[in-house]
Amino acid sequence: MIPGLKSVISKVSGAKADVFIEHGDKIAFGKFELECRSTPGHTNGCTTYVLHDKGLAFTGDSLLIRGCGRTDFQQGDPEKLYEVVHAHILSLPDHFCLFPAHDYTGQTMTTVDEEKRLNARLTKSKEEFVNIMKNLNLSYPKQIDRAVPANLVCGIFEAEAEAK
């Protein structure tokens, strides 16, 4: 654990944390400020953090590079995901750089413009998107039974167990 470091998570996530945020909240650190934008659909607690001064947004699992988070479990809702990604992420200026939580192909960054043009799912109509998401037929995630409990405590139980 790092002294003075606090965990932050969306209030609607139902998870434990030091600080709970809601849509529109601001997180100040040093000379910077992140705007919190609620972007549920993958999970209820998904949040995108926007650093307006630098033209950056951290999208978590809501928007991935050329894709998006799955919506077939853990409070997933494809209609909601489509709406919030378009309203709260793809509405940012085209030059904004987007950093997802992870990428399975090794890419680390994209832009609003690239995703508006090249995202195979989110360039579709809402109806087409929902149909795609409901028919992905993805396998059960290998680490989900470990990841969900960790997410609900901001990964703290692992840190505490390692410290012992």
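Remember, it's a predicted structure, so these values are computed and weren't measured experimentally.

Conventions adopted
Residues numbered from 1 in each chain as written. Predicted model: local features only at pLDDT ≥ 70, side-chain atom pairs only at ≥ 80, totals over all residues. Heavy atoms only, no water. Axes fitted to C-alpha atoms, helices over the stretch in contact; angles between N-to-C directions. Helix = DSSP H or I, 4+ residues; strand = E, 2+ residues; numbered from the N terminus. Parallel < 35°, antiparallel > 145°, perpendicular 65-115°, else oblique. Left-handed = near helix turned anticlockwise from the far one by under 90°. Contact = heavy atoms within 4.5 Å. Nonpolar A, V, L, I, M, F, W, Y, C, P; charged D, E, K, R; others polar. Pairing = 2+ DSSP bridges. Phe/Tyr/Trp six-rings, centres within 6.5 Å; stacked < 30°, edge-to-face > 60°. Buried < 20%, exposed > 50% of the residue type's maximum accessible area, 1.4 Å probe, protein only. Core = buried A, V, L, I, M, F, W, Y, C linked by side-chain atoms within 4.5 Å.

Draft legend 1. View of the packing of helix α1 (residues 78-88) against helix α3 (residues 126-134). Running from N to C, α1 and α3 point in directions that differ by 130 degrees, and their axes come no closer than 9 Å. Comparing the axis directions of α1 and α3 gives the class oblique. Relative to α3, the crossing made by α1 is right-handed. Contact residues: α1 offers P78, E79, L81, Y82 and E83, while α3 offers K126, F129, V130, M133 and K134. Per-class residue counts for the contact of α1 with α3 are six nonpolar, no polar and four charged.

Draft legend 2. Region of the structure containing the pairing of strand β3 (residues 26-29). As judged from the four bridges shared by β3 and strand β4 (residues 32-38), these two strands associate in the antiparallel manner. Pairing of I27 across the sheet is with L34, part of β4.

Draft legend 3. Structural context of the packing of aromatic side chains. According to the stated counting rule, one finds three aromatic pairs in the structure shown. Pairing F58 with F99 gives two aromatic rings, centres 5.5 Å apart and planes at 25 degrees, and the pair type is stacked. Here F58 is found in strand β6 (residues 56-60), whereas its partner F99 is found in strand β9 (residues 97-100), with 41 residues between them in sequence.

Draft legend 4. Summary view of the environment of V112. You can see V112 is positioned in helix α2 (residues 112-118). Taking the relative accessible area as the measure of exposure, V112 reaches 0% and is therefore buried. Taking the C-alpha atoms as reference points, V112 and P93, separated by 19 residues in sequence, lie 6.9 Å from one another. Setting aside residues no more than four positions away along its own chain, V112 makes contact with I89, L90, L92, P93, D94, F96 and L98.

Draft legend 5. Region of interest: the nonpolar core. Core analysis: the largest hydrophobic core is formed by 17 residues, its most contacted members being L63, V85, L92, L98, L122 and F129. Secondary-structure elements contributing two or more residues to this core are α1 and α3. Those residues in contact with V85, other than ones at most four positions away along the chain, are S62, L63, L90 and L122. If you look at the next biggest cluster of nonpolar residues, it comprises six residues, including I21, L34, L51 and L56.

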